[in-house]
Every structure is written in structure tokens, then in C-alpha cells.
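# Examining the three-dimensional arrangement
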Amino acid sequence: MTQSIGFIGGGNIAEAIIGGLKKADAQFQIRASNRSNHERLQYLVDKYSITASNLEELVENSRVLIIAVKPKDVLGVVKQLKNYKLQDKLIISVAAGVPLKVFYKHLPGIAVIRAMPNTSTAVLHSMTGLARGENVTEEQAEMGGEIFSATGKIMWVPEEKINALTAISGSGPAYFYLFAESLIKAGVHLGLSEEEAEILVLETLVGAGKMIAESDKSPGKLREEVTSPNGTTYAALNVFTDDRLELTVLKAAKACAQRAEDLEGENSD
């Protein structure tokens, strides 16, 4: 069955989801509104063949409303939505750090799901976390799952785990991009051209990802299998161990989760 989806906001995460849904050739009718940037909205319309709408048209013609604005702007959107009939709608918020209680307070009785996708939705390999609000029916939960399953895998979690999930999969792609950037720079330092280093790093990253995804072995086991005692890989990994890479990763994930928690406090009024 064709689902009608309205995006409130047209930034990077909205584009990633829209692009993924279009690439998946899923049966979705997509509308978008972006009050603050009409040029951006027109870009999305031209690139993805979606329909531009004002908020009133979007709400009226969409069964699912995806709030894809910055966290600081969510409350303003929610207060606008109070002016419309939403009883048969499903609202999905993809904004980090905005708890369900904000929606319960301003839109009582309305079905709301918190979603934490990542930008890999654009290539149909997102890992999206979903937290179900108390008013969401089974049919609506299936609908929300269907939308994000079209662009990757999903995981339903209780809301208290959403910040941890944000720290791992929501922000996770950026960690891998940073490591790739650093490895490219290392290659250049060792005498490779930037083009050579980039090709080597990106193909290695893609290959390692496919190995993890398609092998029945854990990442740890795969690492052990390419690490000969006292060999070249062993020498490199020893540096990571000596510099306490594991602790650095933990600190980074904790910082991300803490920021998400702080945002919940800032956006709870």
C-alpha cells in the first residue's frame, strides 16, 4: 500500500531519508516543507521529484509526518502542529535530544515515534533506532518500521537507550569518516599521492565493511586472522593499543551520549 509521508524540514538528514526511499523504489508519496529555505526545498523537489507543500497542505495530505528540523526548532514545529487535526497521523521525530515527553505535553494523545537514523539511509545501509511512543498502535509501529526498513536495518529500543544508540550508530558514520581521513593523510605522509592514498583507504574500508557484514566471524576474530605475530599489522596495532584507542573510542561515545542527554534537558520545556 502506498504511504503518504510529509517531511517538515529539508536538511541533510531529510535528504538522506528521501534519497534512500526514492532509491529503494518504495511506494511512498513524499511531500516536504522547508519554511526557512525555499531554495533548498526547490533543490529537493528538482532532484528527487517530490512535492513542495506548505505546512497546512503537508499535514492534510500526509499520513506520516517526519519532523526533520534541528533540535532547537522542534518545539516551534510542535506548537504549530497543535493547530491541526492529528488524531489519525503518525509523527516521527528524527531530531536528537528531543524526548517523547515534549510531544506528550504539547500533542497529548498523538502517536509519536522517535527515530535515530544515520546518513547512510542515502545508500540504503542505515542503522535506524526507533523508540515507540505510548499512543502508537501496532499498525503505526509497522508503518514506521516499514519506512526505515526501506533504507536499511532497524532496531526498536526503549527510549532510555536512544542516547546510547545515537552515540554508536547515529553519529557512528562520522567516526569512520574521520578514521578514513586520518589514514589518507598518513598515506600521503608516507609518500603516496593523495589520490593514491584515497583509493587505497576507501577500497580497504569498503572491503572491511563487507567482510564484517558477510562473514560469520566477529570483528575481533577477523582482526586476529590478519595479524601475524610480530608482523607488520601487529606493529601498527600495538601503537593503537599503546595509545589506548579503546579508551579514546569510549570517551568519544560517552561525550556523544552525554550531549544527547544534555539536549534532552534543553529541549524538554
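Criteria and thresholds
- Residues numbered from 1 in each chain as written.
- Predicted model: local features only at pLDDT ≥ 70, side-chain atom pairs only at ≥ 80, totals over all residues.
- Heavy atoms only, no water.
- Helix = DSSP H or I, 4+ residues; strand = E, 2+ residues; numbered from the N terminus.
- Buried < 20%, exposed > 50% of the residue type's maximum accessible area, 1.4 Å probe, protein only.
- Contact = heavy atoms within 4.5 Å.
- Lys, Arg positive; Asp, Glu negative; His and termini not counted.
- Charge placed at Lys NZ, Arg CZ, Asp CG, Glu CD.
- Expected span 1.5 Å × (residues − 1).
- Arc of directions from axis to C-beta.
- Axes fitted to C-alpha atoms, helices over the stretch in contact; angles between N-to-C directions.
- Parallel < 35°, antiparallel > 145°, perpendicular 65-115°, else oblique.
- Left-handed = near helix turned anticlockwise from the far one by under 90°.
- Nonpolar A, V, L, I, M, F, W, Y, C, P; charged D, E, K, R; others polar.
- Pairing = 2+ DSSP bridges.
- Right-handed = clockwise from strand over helix to strand, strands pointing away.
- Patch = residues over 30% accessible without salt bridge, like charges linked within 9 Å, V, L, I, M, F, W, Y side chains within 5 Å.
- Areas by Shrake-Rupley, 256 points an atom, 1.4 Å probe, with all protein chains shown as cover.
- Salt bridge = Lys/Arg side-chain N within 4 Å of Asp/Glu carboxyl O.

## What to know about the overall build of the protein chain
Assigned secondary structure in the protein chain consists of 12 helices and 8 strands. Viewed in the frame of its principal axes, the protein chain has a C-alpha envelope of about 65 × 40 × 35 Å. Here the protein chain holds 269 residues, and the buried ones make up 41% of them. Excluding contacts between residues fewer than 6 apart, the proportion of contacts in the protein chain whose partners are at least 24 apart in sequence is 66%. Taken as two groups, the 28 positive and 34 negative side-chain charges of the protein chain have centres that lie 5 Å from each other.

## Some thoughts on helix H12 (residues 245–266)
Compared with the 32 Å implied by 1.5 Å per residue over 22 residues, the 31 Å span of H12 between its first and last C-alpha is a close match. Those residues of H12 not exposed but buried are Ala253, Cys256, Ala257, Ala260, Leu263 and Glu264. Down the axis of H12, the smallest arc covering the buried residues is 115°, so these residues share one side. Facing away from the buried surface of H12 by more than 90 degrees, the exposed residues are Lys251, Lys254 and Gly265. Those residues of H12 that are buried lie in contact with strand S6 (111–116), helix H7 (162–170) and helix H8 (172–189).

## Observations regarding the packing of H7 against H12
Helices that pack against each other are described as a pair by the angle of their axes relative to one another and the distance between those axes. Two numbers describe how H7 lies on H12: the axes approach to 8 Å, and their chain directions differ by 135°. Here H7 is positioned oblique relative to H12, judged by the angle of their axes. Between H7 and H12 lies a crossing whose hand is right-handed. Here H7 contributes Ile162, Asn163, Thr166, Ala167 and Ile168 to the contact with H12, which in turn contributes Ala253, Cys256, Ala257, Ala260, Glu261 and Glu264. Classifying every residue of the contact of H7 with H12 gives 7 nonpolar, 2 polar and 2 charged.

## Regarding the pairing of S6
In terms of residue burial, S6 counts as a mostly covered element, since 6 of its 6 residues are buried. The alternating pattern of S6 places Ala111, Ile113 and Ala115 on one face and Val112, Arg114 and Met116 on the opposite face, and all of these are buried. Pairing analysis gives 4 bridges linking strand S5 (residues 90–93) to S6, with the strands arranged parallel. Bridge pairing in S6 places Leu90 opposite Ala111. In terms of handedness, the path from S5 via helix H5 (residues 100–106) over to S6 forms a crossover that is right-handed. Here S6 runs beside strand S7 (residues 126–132); their pairing, made up of 4 bridges, is antiparallel.

## Some words on the sheet that holds strand S2 (residues 28–33)
An order of S3-S2-S1-S4-S5-S6-S7-S8 is seen for the 8 strands of this open sheet, with the pairing classed as mixed. Both outer strands of the open sheet, strand S3 (51–52) and strand S8 (152–156), are each paired with one neighbouring strand and no more. Its contacts with the sheet place helix H1 (residues 12–23) against strand S1 (3–8) and S2, and it is angled at close to 160° to S1. Contacts from helix H4 (residues 71–81) reach S1, strand S4 (64–67) and S5, with the element oriented near 150° to S4.

## Quick notes on a nonpolar patch on the surface
Residues Phe179, Leu183, Phe240, Leu245 and Val249 make up a contiguous nonpolar surface patch of roughly 420 Å² in combined accessible area. For the nonpolar patch, the secondary-structure elements that each account for two or more residues are H8 and H12. Mapped onto the elements of the fold, Phe240 is located in helix H11 (residues 232–242). Since its relative accessible area comes to 34%, Phe240 is described here as partly exposed.

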